[in-house]
Amino acid sequence: MGKIIAIANQKGGVGKTTTAVNLAASMAATKRKVLLIDLDPQGNATMGSGVDKYEVPATAYELLIEEQALDKVAVKDTSGKYDLVAANSDVTAAEIKLMECFARELRLRNALEKVRANYDYIIIDCPPSLNMLTVNAMAAADSVLVPMQCEYYALEGLTALMDTINKLASVVNPKLSIEGILRTMYDPRNRLANDVSEQLKTHFGDKVYRTVIPRNVRLAEAPSFGTPVMYYDKSSTGAKAYLALAGEMIRRSEKQKSKQVA
Ligand SMILES: Nc1ncnc2c1ncn2[C@@H]1O[C@H](COP(=O)(O)OP(=O)(O)OP(=O)(O)O)[C@@H](O)[C@H]1O
Ligand SMILES: [Mg+2]
């Protein structure tokens, strides 16, 4: 049964989409079957997967509002070797239409229930706001991965985000857990980043991934070539960091599984 992970942070520009695309590609490169769901009408994860958001025949709109089968909606030939549910401006309409739907919070969960056995990982790229699309992602997910930059006030923002996740979970998904906290665009020479990083570890312990994602220009360039960074510059620090993250996540979940068996 595939694990469903929502990548979320209400703050904009913290590396949600970069993480979604490159983690999906890294998981796929380790022979996992991966589905990436773009729930952001900006369609950045779609374009970053080599799929033209202006040309794509179906998006999350068809999945959520028209209740079309995932197999009909998903794009199978992405540059990252994972399946993709695309997004474009139609997904803004989906957000509005969801308001009128029956069980509007559970549309994505219901759509994924039928297909999750076909995947090892289902990764959801959330928009930078707490709208009905994000609520659908939280309701469908097993866990939330929070990318964040180690800046001043980051900790306050994170505490507020955790509060929101907990409140939301208690209503739509009591089993939702925190998958992990990922430090993005990290510069180890920056003293503030190091201080915030230490505070993070004090507050959130081993929920903070050991892997950090460095600031790396290749990560910013790759989307304009419609590809995850590992197929753009596989020796870049960004490509290596996301592969390391995938490895850390896979090891963690195997450890949890063996604990459950024991
Ligand atoms: N590790 C990194 N090194 C350098 N640039 C990065 C890195 N991670 C992300 N970026 C760049 O920072 C910008 C924001 O990243 P990204 O789009 O992933 O954030 P986001 O949280 O998805 O944003 P939004 O909230 O708008 O959806 C992008 O231009 C991206 O290329
Ligand atoms: Mg994004």
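First things first, this report covers the structure right here in the doc. (Residues numbered from 1 in each chain as written. Chains lettered and ligands numbered in written order. Predicted model: local features only at pLDDT ≥ 70, side-chain atom pairs only at ≥ 80, totals over all residues. Heavy atoms only, no water.)

Some details on the nonpolar core
Move 1: Judged by nonpolar contacts, the single largest core of 59 residues is most densely connected at Ile37, Leu39, Leu70, Leu108, Leu112, Leu158 and Leu200.
Move 2: In terms of residue count, the dominant contributor to this core is helix α8 (residues 154-172) (nine residues).
Move 3: Residues within four places of leucine 108 in sequence aside, it is in contact with Ile37, Leu39, Leu63, Leu64, Ile124, Asn136, Ala137 and Ala140.
Move 4: By size, the runner-up hydrophobic cluster in this structure holds 35 residues, among which are Val21, Leu36, Ala86 and Leu145. (Core = buried A, V, L, I, M, F, W, Y, C linked by side-chain atoms within 4.5 Å. Buried < 20%, exposed > 50% of the residue type's maximum accessible area, 1.4 Å probe, protein only. Helix = DSSP H or I, 4+ residues; strand = E, 2+ residues; numbered from the N terminus. Contact = heavy atoms within 4.5 Å.)

A look at α8
Move 1: An ideal rise of 1.5 Å per residue puts 27 Å on 19 residues; α8 measures up with 26 Å between its terminal C-alpha atoms.
Move 2: By the burial criterion, the buried members of α8 are Ala154, Leu155, Leu158, Leu161, Met162, Ile165, Leu168, Ala169 and Val172. On an axial view of α8, the arc spanned by its buried residues comes to 145°, and they lie on one face. More than 90 degrees from the buried face of α8, the exposed residues found are Glu156, Asn166, Lys167, Ser170 and Val171.
Move 3: Of the surrounding secondary structure, the elements contacted by the buried residues of α8 are α6 (107-113), α7 (132-140), β5 (143-149), β6 (177-184) and α9 (191-204). (Expected span 1.5 Å × (residues − 1). Arc of directions from axis to C-beta.)

Some points on a positive patch on the surface
Move 1: Residues Arg210, Arg251, Lys255 and Lys259 make up a contiguous surface patch of positive charge.
Move 2: Positionally, lysine 259 belongs in helix α11 (residues 237-261). (Patch = residues over 30% accessible without salt bridge, like charges linked within 9 Å, V, L, I, M, F, W, Y side chains within 5 Å. Areas by Shrake-Rupley, 256 points an atom, 1.4 Å probe, with all protein chains shown as cover. Salt bridge = Lys/Arg side-chain N within 4 Å of Asp/Glu carboxyl O. Lys, Arg positive; Asp, Glu negative; His and termini not counted. Charge placed at Lys NZ, Arg CZ, Asp CG, Glu CD.)

Any functional reading would require information that these geometric values do not contain.
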